[in-house]
Amino acid sequence: MLIRRERPADADAVRAVTAAAFAGAPYSAPPVEPDGAPGEATLVGLLRADPCWIPELSFVACAGDDVVGHVVCTRATVGDAPALVLGPLSVHPDRQARGVGSALVHTVLGAADALGEPLVVLVGDPAYYSRFGFVPAASLGVEPDDPALAGFFQARTLAAYEPSLRGRFAGPGPFAVLEAMAAGA
């Protein structure tokens, strides 16, 4: 397996992997496009088209010529300070539980750290993400934009982190766009 930065030609493969990874998952976003793909597949495209997209923080895992996983961090804020949000993280069902997701998370966190980013937040399973150093965001003074997600809202500090980085999290606009699309679907 090789992990590398996403290339423009990978967009369709990333969408397919994301759709497969979230298909039937109880926590996936509802489909909002005619192809019936889970909302996360749409979200990656929305993020890619938005100024929040950071090309240096979008990675694919490849087995030969096949994209089998994807992860992305995009620009968010905590209070008035820049931060990142991780996700979606997608691994094709045939490759899950084989370390692909872990390798992608380690890669994107290392890249974010090398870019001087201070903090990465996400909404996800604490049992999974704690192995990467994620802690409840509230313990760092970071409040979720949706209080209903507090139990799954986590943060990971990086080398540039300062304890004064506290406040309400604001995610990239495409997350709200997807939510609005789902409400109207």
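Residues numbered from 1 in each chain as written. Predicted model: local features only at pLDDT ≥ 70, side-chain atom pairs only at ≥ 80, totals over all residues. Heavy atoms only, no water.

Peer 1: Would you explain the packing of helix 1 (residues 11-22) against helix 2 (residues 39-48) in this entry?
Peer 2: Helix packing for two helices is described by the angle between their axes and how far apart those axes are. One can describe the packing of helix 1 onto helix 2 by two numbers: an axis separation of 8 Å at closest approach and a directional angle of 145°. Residues Ala 11, Val 14, Arg 15, Thr 18, Ala 19 and Phe 22 of helix 1 form the contact with helix 2, whose participating residues are Glu 40, Ala 41, Thr 42, Val 44 and Arg 48. Looking at the contact of helix 1 with helix 2 residue by residue, the classes come out as six nonpolar, two polar and three charged. (Axes fitted to C-alpha atoms, helices over the stretch in contact; angles between N-to-C directions. Helix = DSSP H or I, 4+ residues; strand = E, 2+ residues; numbered from the N terminus. Contact = heavy atoms within 4.5 Å. Nonpolar A, V, L, I, M, F, W, Y, C, P; charged D, E, K, R; others polar.)

Peer 1: Help me out: how do you make sense of the packing of helix 2 against helix 5 (residues 173-184) in this one?
Peer 2: Taken N-terminus to C-terminus, the directions of helix 2 and helix 5 make an angle of 140°; their axes are 9 Å apart at the nearest point. Considered as vectors, helix 2 and helix 5 are oriented oblique to each other. Considering only the axes of helix 2 and helix 5, their crossing is right-handed. In this structure, helix 2 contributes Gly 39, Thr 42, Leu 43, Leu 46 and Leu 47 to the contact, and helix 5 contributes Pro 174, Phe 175, Val 177, Leu 178 and Met 181. The class makeup of the residues in the contact of helix 2 with helix 5 is eight nonpolar, two polar and no charged. (Parallel < 35°, antiparallel > 145°, perpendicular 65-115°, else oblique. Left-handed = near helix turned anticlockwise from the far one by under 90°.)

Peer 1: Explain the pairing of strand 3 (residues 66-78) here, please?
Peer 2: Side-chain positions along a regular strand alternate between the two faces of the sheet. Buried residues dominate strand 3, accounting for ten of its 13 residues. One ladder, built from seven bridges, connects strand 2 (residues 53-63) with strand 3; its direction is antiparallel. Residue pairing across strands places Trp 53 opposite Thr 74, the latter belonging to strand 3. Hairpin geometry of strand 2 and strand 3 is characterised by an intervening segment of two residues between the two adjacent antiparallel strands and by a positive phi of about 65° at Gly 64. Pairing of strand 3 with strand 4 (residues 81-91), which is carried by nine bridges, proceeds in the antiparallel orientation. Considered in strand 4, the bridge of Val 71 is made with Leu 89. Where strand 3 hands over to strand 4, the hairpin turn is made up of two residues, of which Gly 79 adopts a positive phi near 60°. (Buried < 20%, exposed > 50% of the residue type's maximum accessible area, 1.4 Å probe, protein only. Pairing = 2+ DSSP bridges.)

Peer 1: How do you make sense of the pattern of salt bridges when you look at a structure like this?
Peer 2: If charged atoms from side chains of opposite charge come close, those side chains can pair. Tallying each qualifying case throughout the model produces six salt bridges. Note that Glu 117 is salt-bridged to Arg 75, the shortest N-O span being 2.7 Å. In this pair, Glu 117 sits in the loop between helix 3 (100-114) and strand 5 (119-123) while Arg 75 sits in strand 3, placing the two residues 42 residues apart along the sequence. Residue Glu 117 is classed as buried on the basis of its relative accessible area, which comes to 9%. By relative accessible area, which is 28% here, Arg 75 ends up partly exposed. For Glu 143, the salt bridge is made with Arg 168, and the minimal N-O distance between the two is 3.4 Å. Of this pair, Glu 143 sits in strand 7 (residues 142-143) while Arg 168 sits in strand 9 (residues 167-170), and the two are 25 residues apart along the sequence. One connected set of salt bridges, linked through shared partners, spans Arg 15, Glu 33 and Asp 35. (Salt bridge = Lys/Arg side-chain N within 4 Å of Asp/Glu carboxyl O.)

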